[in-house]
Amino acid sequence: MAEFSFELDDDQKAVRDWIHGFAADVMRPAAAEWDEREETPWPIIQEAAKIGLYSLDFYAQQYFDPTGLGIPMTMEELFWGDAGIALSIVGTGLAAVGVLANGTEEQIGTWIPQMYGDANDVNVAAFCSSEPDAGSDVSAMRTRAVYDEAKDEWVINGTKTWATNGGIAGVHVVVAVVDPDLGSKGHASFIIPPGTPGLSQGQKFKKHGIRASHTAEVVLDQVRVPGSCLLGGKEKLDERLARARERAKSGGERLKNAAMATFEASRPAVGAMAVGTARAAYEVALDYAKTRQQFGRPIIDNQGVAFQLADMRTRIDAARLMVWRASWMAVSGRPFESAEGSMSKLFASETAKQVTAQAVQILGGNGFTREYPVERMHRDAAIYTIFEGTSEIQRLVIARTLSGVQIR
């Protein structure tokens, strides 16, 4: 088990600097263009694939970093470059985590490589959980999967929404209800292979921020998939449902469902994304404050500006430390006894919103224009307190963990 350290080793620093170089040289110059176009930046993903940054091998290396810092370090640097483009590059990872969290070794080996493709033919994947009437309330999910025992197939019907890469992905990972009587405990995850009849893209959303990342509805109409596409397999599902039924009868402890297992594993990574965006906005504001002259002197000479920058940097560093702690705990097998994963996501997300707003304020009128990147960063930062569990849901998770009470 790795000892915790605040210092990256030489290999980690080399990887960090490599990613930073890609973010600075490839992503940032293209950020404004793809934000305006509101389209998936396939050429940027292709460039990332050519150098090995968009690949299963790279993310596996970071995922299995024994310190736990590989993924948060990667996310921070990419989202420092640009949040929309970065999400188009890492969005496949959520589907991959869904398979890692719930799949068998055979399923992991079969499907995750297909999610990425290769440098000559890049693919993306989508994780589909939210629905028009089931976002934070996963128990309200209506997408239904029914087992056809005669054909050993699952028949899936429903509509998913807010799906990153939804409809344009090759592989979709879909969470569906298999036992409505069990509420959120009666869910399971399924692989929808490329080209499966009945899956189509619905509405594509025009968003406030992260515009370079494709977000859409996914419609499932009599989608049939082989039994082997049930993540974890039928035997494991039947055992889990049986335990859930027994616990429901006895009022025992609650079991995690498939979607929540994915989100819990990814929350510190989302916190790292928020840290990257906050850091980028802070650096722009700091540089601006040093060079912008008012009343014959740089505006950083004024306490009103300098103190804001001090607070911004303090929050960013604190958020990073919370993310690193949660990531280290996860890889070390330490339980989140105080919901440290949710804490890191909550604090980092709120930090990104606050810091980017302060950056706009420090730049004044210039910060309100698209000539400066903080306007875009401020729009992008809004998503962190919403997706993969709103700030309110994070507070609910934390409060329930600390109190042991099912607070509503």
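Computed from a predicted structure; not experimentally measured. (Residues numbered from 1 in each chain as written. Predicted model: local features only at pLDDT ≥ 70, side-chain atom pairs only at ≥ 80, totals over all residues. Heavy atoms only, no water.)

Trainee: Any chance you could explain the packing of helix α11 (residues 340-363) against helix α13 (residues 391-403) here in plain terms?
Mentor: Helix-helix packing is characterised by the crossing angle of the two axes and by the distance between the axes. Where α11 contacts α13, the axes come no closer than 9 Å and their chain directions differ by 145°. Pair α11 / α13 crosses with left-handed handedness. For the pair formed by α11 and α13, the contact residues are Ser342, Met343, Lys345, Leu346 and Glu350 on the first element and Ser391, Gln394, Arg395, Val397 and Ile398 on the second. Of the residues belonging to the contact of α11 with α13, the class tally is four nonpolar, three polar and three charged. (Axes fitted to C-alpha atoms, helices over the stretch in contact; angles between N-to-C directions. Helix = DSSP H or I, 4+ residues; strand = E, 2+ residues; numbered from the N terminus. Left-handed = near helix turned anticlockwise from the far one by under 90°. Contact = heavy atoms within 4.5 Å. Nonpolar A, V, L, I, M, F, W, Y, C, P; charged D, E, K, R; others polar.)

Trainee: When you look at the pattern of salt bridges in this model, what are you seeing that I'm missing?
Mentor: This structure, assessed with the given rule, holds 24 salt bridges. One salt bridge in this structure joins Asp17 and Arg16, with 3.2 Å as the shortest N-O distance. Its relative accessible area of 45% is what places Asp17 among the partly exposed residues. Two residues, Lys206 and Glu38, come together in a salt bridge whose shortest N-O distance is 3.7 Å. Placement of the pair is Lys206 in the loop between β8 (199-204) and β9 (215-226) and Glu38 in the loop between α1 (10-37) and α2 (42-50), with a sequence separation of 168 residues. With a relative accessible area of 18%, Glu38 lands in the buried category. Put simply, Glu76, Glu77, Arg279, Glu283, Arg313, Asp317 and Arg320 are held in one network by salt bridges that share partners. (Salt bridge = Lys/Arg side-chain N within 4 Å of Asp/Glu carboxyl O. Buried < 20%, exposed > 50% of the residue type's maximum accessible area, 1.4 Å probe, protein only.)

Trainee: Would you take a moment to explain the pairing of strand β7 (residues 187-192) for this structure?
Mentor: One face of the sheet, then the other: side chains in a regular strand alternate in exactly this way. Along β7, six of the six residues are buried, which leaves the element largely enclosed by surrounding structure. Both faces of β7 are covered, namely the face carrying His187, Ser189 and Ile191 and the face carrying Ala188, Phe190 and Ile192.

Trainee: What is the right way to read the nonpolar core from this model?
Mentor: Grouped burial of nonpolar side chains is what soluble globular proteins tend to show. Judged by nonpolar contacts, the single largest core of 110 residues is most densely connected at Phe79, Ile89, Met115 and Tyr384. No other element matches the 15 residues that helix α9 (residues 258-291) contributes to this core. (Core = buried A, V, L, I, M, F, W, Y, C linked by side-chain atoms within 4.5 Å.)

Trainee: What is the right way to read the side chain of Ser349 from this model?
Mentor: Assignment of secondary structure puts Ser349 in helix α11. Polar side-chain contacts of Ser349 include one of 2.9 Å to the backbone oxygen of Tyr384. Contacts of Ser349, omitting those with residues within four sequence positions, involve Ala274, Tyr384 and Thr385. (Polar contact = N/O pair within 3.5 Å; in protein donor to acceptor, adjacent residues only side chain to side chain.)

Trainee: Sorry if this is basic, but what is going on with the pairing of β9 here?
Mentor: In this sheet, β9 lies alongside strand β5 (residues 153-164) in antiparallel orientation, the contact comprising nine bridges. Bridge assignment links Ala163 to a residue of β9, and that residue is Ala216. Where β8 meets β9, four bridges bridge the pair, whose relative direction is antiparallel. Note that in β9 the partner of Leu199 across the bridge is Leu220. (Pairing = 2+ DSSP bridges.)

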